[in-house]
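Architecture and fold: a report
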Amino acid sequence: MIDQLSLHCFYDHKIELIDEEILSWSRLYQMFDHKLQKIKKYLINHLNKEFIFFSFASYVSLILFIKKKDDSLHFYVDYRKLNTLIKWNRYSLLLIDETFICIQESKYLTWLNIIVAFNKLHMHSDSENLTIFIIFFNSYKYHVMLFELINEFAFYQHYMNDMLFEYLHQFCQTYLNDIIIYSKILKKYKQHVQLILNKLWEADLQVDINKCKFHVQKTIFLELLISIEELKMNSRKMQAVVD
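This one's a predicted model, so the numbers in the text were calculated from it and none came from an experiment.

1. Here's the deal with the overall build of the protein chain
Scanning the protein chain from terminus to terminus reveals six helices and twelve strands. For the protein chain, the residues scored as buried account for 46% of the 243 residues in total. If you take every contact in the protein chain between residues at least 6 apart in sequence, the share linking residues at least 24 apart comes to 74%.

Pasting the structure below:
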């Protein structure tokens, strides 16, 4: 389930610092009541799921609120200072040229969008204390991997690649939470889709059925329009650049 904490595994997000001696304490700042109420709701929700836990440490990060387009507030832990101290993970992501070469001559495409379950990956036990944030109520640390930290996409991509390893470059490619399946023969295509869905089921990953595209000749992948005949830029993205 998406709202359940998974078990520790090889892909636990471990933070390696350039220099631990330059970690510092962050001081609290004044916050209005409506923001405190929103924080309290977030804390109760994540404590109940065991995504976070009470903690104490000599190094903590502060929290911020980002205003969305609808004027609602998004809770955000400010890890900018910590990110400057973290060693980069150089794990490579997918190359579009490789993807298009694999898809050429295929007649059937399927695009799957996974509901990103960030709780599928833990923070490494040695790194949890680095995620501590402080607010008026207390200080807390994360058990689950955070997408506010650098290297998180590399860890998640590593996880996805390993899960689908036996099928990659045969009839599927994956980029973070997107999977594209390609086949030349209809019978094989149906088998391939079932194999990938079985893998996702085994990993307890869910797809967003309202976004997925089955049995098509063109679809959007890596923000590009990919078809069985050619590769094009996404017209919506091009228009956004023009505007």
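Still more to cover.
2. Looking at the environment of Leu17
In this fold, Leu17 is placed in the segment before helix H1 (33–49). For Leu17, a relative accessible area of 12% puts it in the buried group. Considering only alpha carbons, one finds Leu17 and Ile86, 69 residues apart in sequence, at a separation of 4.5 Å.

3. Considering the environment of Lys67
Within the secondary structure layout, Lys67 lies in strand S2 (residues 62–67). Other than its neighbours up to four places away in sequence, Lys67 contacts Ser72 and Leu73.

4. Structural notes on the sheet that holds strand S8 (residues 178–183)
As summarised here, the arrangement of the four strands in space is S7-S8-S4-S9, forming an open sheet in which the pairing is antiparallel. On the outer flanks of this sheet lie strand S7 (172–175) and strand S9 (213–216), each paired with one strand and no other. Across the sheet, the mean angle from the axis of one strand to that of its neighbour is 10°, orientation sign disregarded. The sheet contact formed by strand S4 (residues 108–113) and S9 spans two bridges and is antiparallel. Looking at S9, one finds that Leu109 is bridged to Val216.

5. Focus: the sheet that holds strand S6 (residues 139–142)
With respect to topology, three strands assemble into an open sheet ordered S1-S6-S5, the strand pairing being antiparallel. Each end of this open sheet is capped by a strand with a single partner; those strands are strand S1 (52–54) and strand S5 (133–134). Where S1 and S6 come together, three bridges link them in antiparallel fashion. Each bridged residue has a counterpart across the sheet, and for Ile52 the counterpart in S6 is Tyr142. Most of the contacts of H1 go to S1, to which it runs at about 100°, and overall it touches S1, S5 and S6.

6. Re helix H4 (residues 152–163)
Under the 1.5 Å per step criterion, the end-to-end length of H4 is 17 Å for twelve residues, consistent within 8% with the ideal 16 Å. With nine of twelve residues buried, H4 is to be regarded as a mostly interior element. Looking only at H4, the buried set comprises Glu152, Ala154, Phe155, Tyr156, Gln157, Tyr159, Met160, Asn161 and Met163. Residues of H4 that are buried in the fold lie against S7, S8 and helix H5 (186–202).

7. Comments concerning the pairing of S6
Side chains Ser139 and Lys141 project from S6 onto one buried face, and the interleaved Tyr140 and Tyr142 project onto a second face that is buried too. Taken together, the two bridges between S5 and S6 define a ladder with antiparallel strand orientation. Looking across to S6, one finds that Phe133 is bridged to Tyr140. The antiparallel pairing of S5 with S6 creates a hairpin that spans four residues between the two strands.

8. Some words on the side chain of Asp78
For Asp78, the location among the structural elements is in strand S3 (residues 73–78). Judged by relative accessible area, Asp78 falls into the buried class, the value being 16%. Contacts of Asp78, omitting those with residues within four sequence positions, involve Ser61, Leu62, Ile63 and Leu64.

9. A word on the nonpolar core
Core analysis: the biggest nonpolar cluster contains 27 residues, and Phe75, Leu82, Phe133 and Tyr142 have the highest contact counts within it. Contributing elements (two or more residues each) for this core: H1, S2, S3 and S6. Core analysis: the next-biggest nonpolar cluster, separate from the first, contains 26 residues, Leu112, Ile114, Phe171 and Ile196 among them.

10. Digging into the confidence of the model for the protein chain
Chain-level statistics for the protein chain give a pLDDT mean of 78 and a share of 77% at 70 or above. Averaged pLDDT values for the elements of the protein chain fall to 46 in helix H6 (residues 235–242) and rise to 93 in H5. Here residues 231–235 is a poorly scored stretch, pLDDT under 50, and it has 14 contacts once near neighbours within four places are set aside; other chains count. pLDDT under 50 marks residues 237–242. Its contacts with residues more than four places away, or in other chains, come to two contacts.

What counts and how
- Residues numbered from 1 in each chain as written.
- Predicted model: local features only at pLDDT ≥ 70, side-chain atom pairs only at ≥ 80, totals over all residues.
- Heavy atoms only, no water.
- Helix = DSSP H or I, 4+ residues; strand = E, 2+ residues; numbered from the N terminus.
- Buried < 20%, exposed > 50% of the residue type's maximum accessible area, 1.4 Å probe, protein only.
- Contact = heavy atoms within 4.5 Å.
- Pairing = 2+ DSSP bridges.
- Axes fitted to C-alpha atoms, helices over the stretch in contact; angles between N-to-C directions.
- Expected span 1.5 Å × (residues − 1).
- Core = buried A, V, L, I, M, F, W, Y, C linked by side-chain atoms within 4.5 Å.
- pLDDT = per-residue confidence, 0-100.

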